[in-house]
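Read off the chains here:
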Amino acid sequence: MAIDRTPVLKRCRALGLDPVYMGLDKKSNRSTARANKKMSEYGLQLREKQKAKFIYGVLEKPFRNNFAKAQKMKNGTTGENLMILLELRLDNVIFRLGYGRTRKEARQIVDHKHVRVNGKTINIPSYQVKAGDVIEIAEKYKSAQRYKDILEVTDGRLVPAWLEANHENLSGVVKEIPTRDQIDVPVDEMLIVELYSK
């Protein structure tokens, strides 16, 4: 499996991203030397795509597959549908519920079979959750020190309105499919659509 081992803060700096979106509360003091260099239209489009891929931890091929799926969806624009599909990934939902400090950690939690969706163990980070799905940490891991530590860190994090978290029980419910307004990711998806439609 391909893994992106780029230091997160370095990548955030290159993409002009605030590390908060990655679940980190660190700040990078260095600024990029290229900050005032003018970017071409293609450069801007590429950067938005790289930003989305980096935030959600998706490689090129699955990202392209999501884009193709978003194009086929009947309602909504392709760009908005793409962001919704990325947001509904199981690893992202675990992160949003506050059961992972970062999306990478949430992905590992899913990989290690700690997560159950509607009572079934799912270990596919890209699994698409649906409205009404009940997501919980498996019973035998609920008392693990790991989750106590995670909740200490993520306790102040806001759970999006389309999710409902029960931190006592380490579970959550997908109340509805999110709209683009409910996704607080600083990505201009229209530029991604333009890039792929060339």
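Hydrogen bonds between backbone atoms are what pair the strands of a sheet, whose relative direction is either parallel or antiparallel. Spatially, the five strands line up as an open sheet ordered β2-β1-β3-β5-β4, and their pairing is antiparallel. A single partner strand is all that each edge strand has here, and the edge strands are β2 (120-121) and β4 (163-166). One ladder, built from three bridges, connects strand β1 (residues 115-117) with strand β3 (residues 134-137); its direction is antiparallel. By the bridge assignment, Arg116 is partnered in β3 with Glu136. Those strands touched by helix α5 (residues 90-97) are β1, β3, β4 and β5 (171-174), and its axis lies near 60° from that of β4.

Here helix α3 (residues 60-72) contains 13 residues, and its C-alpha end-to-end distance of 19 Å stays within 8% of the 18 Å for a straight helix at 1.5 Å per residue. Those residues of α3 not exposed but buried are Phe63, Asn66, Phe67 and Ala70. The arc that holds the buried residues of α3, viewed along the axis, is 100°, so those residues lie on one side. Away from its buried face, by an angle of more than 90 degrees, α3 presents the exposed residues Lys61 and Lys72. The elements touched by buried residues of α3 are α2 (41-56), α4 (78-87) and α8 (189-196).

Let us look at unusual backbone geometry. Positive phi is not limited to glycine here, since Lys113 has a value of about 60°. Among the residues examined, Lys113 registers a relative accessible area of 47% and is labelled partly exposed. The phi dihedral of Asn118 falls on the positive side, at around 50°, and the residue is not glycine. Mapping Asn118 onto the fold places it in the loop between β1 and β2.

Bringing the pairing of β3 into the picture now. For a regular strand, the rule is simple: side chains alternate between the two faces of the sheet. On β3, burial follows the alternation: Ile135 and Ile137 on one face are buried, whereas Val134 and Glu136 on the facing-out side are not. One ladder, built from three bridges, connects β3 with β5; its direction is antiparallel. In the strand pairing of β5, Glu136 is matched with Ser171.

Let us now look at the environment of Arg47. Tracing the sequence through the fold places Arg47 in helix α2. Along the backbone, Arg47 and Lys61 are 14 residues apart, and their C-alpha atoms lie at a distance of 17 Å. With residues near it in sequence (within four places) discarded, Arg47 still touches Ala14, Leu15 and Met39.

Here is what the cut-offs are and how they apply
- Residues numbered from 1 in each chain as written.
- Predicted model: local features only at pLDDT ≥ 70, side-chain atom pairs only at ≥ 80, totals over all residues.
- Heavy atoms only, no water.
- Pairing = 2+ DSSP bridges.
- Helix = DSSP H or I, 4+ residues; strand = E, 2+ residues; numbered from the N terminus.
- Contact = heavy atoms within 4.5 Å.
- Axes fitted to C-alpha atoms, helices over the stretch in contact; angles between N-to-C directions.
- Expected span 1.5 Å × (residues − 1).
- Buried < 20%, exposed > 50% of the residue type's maximum accessible area, 1.4 Å probe, protein only.
- Arc of directions from axis to C-beta.

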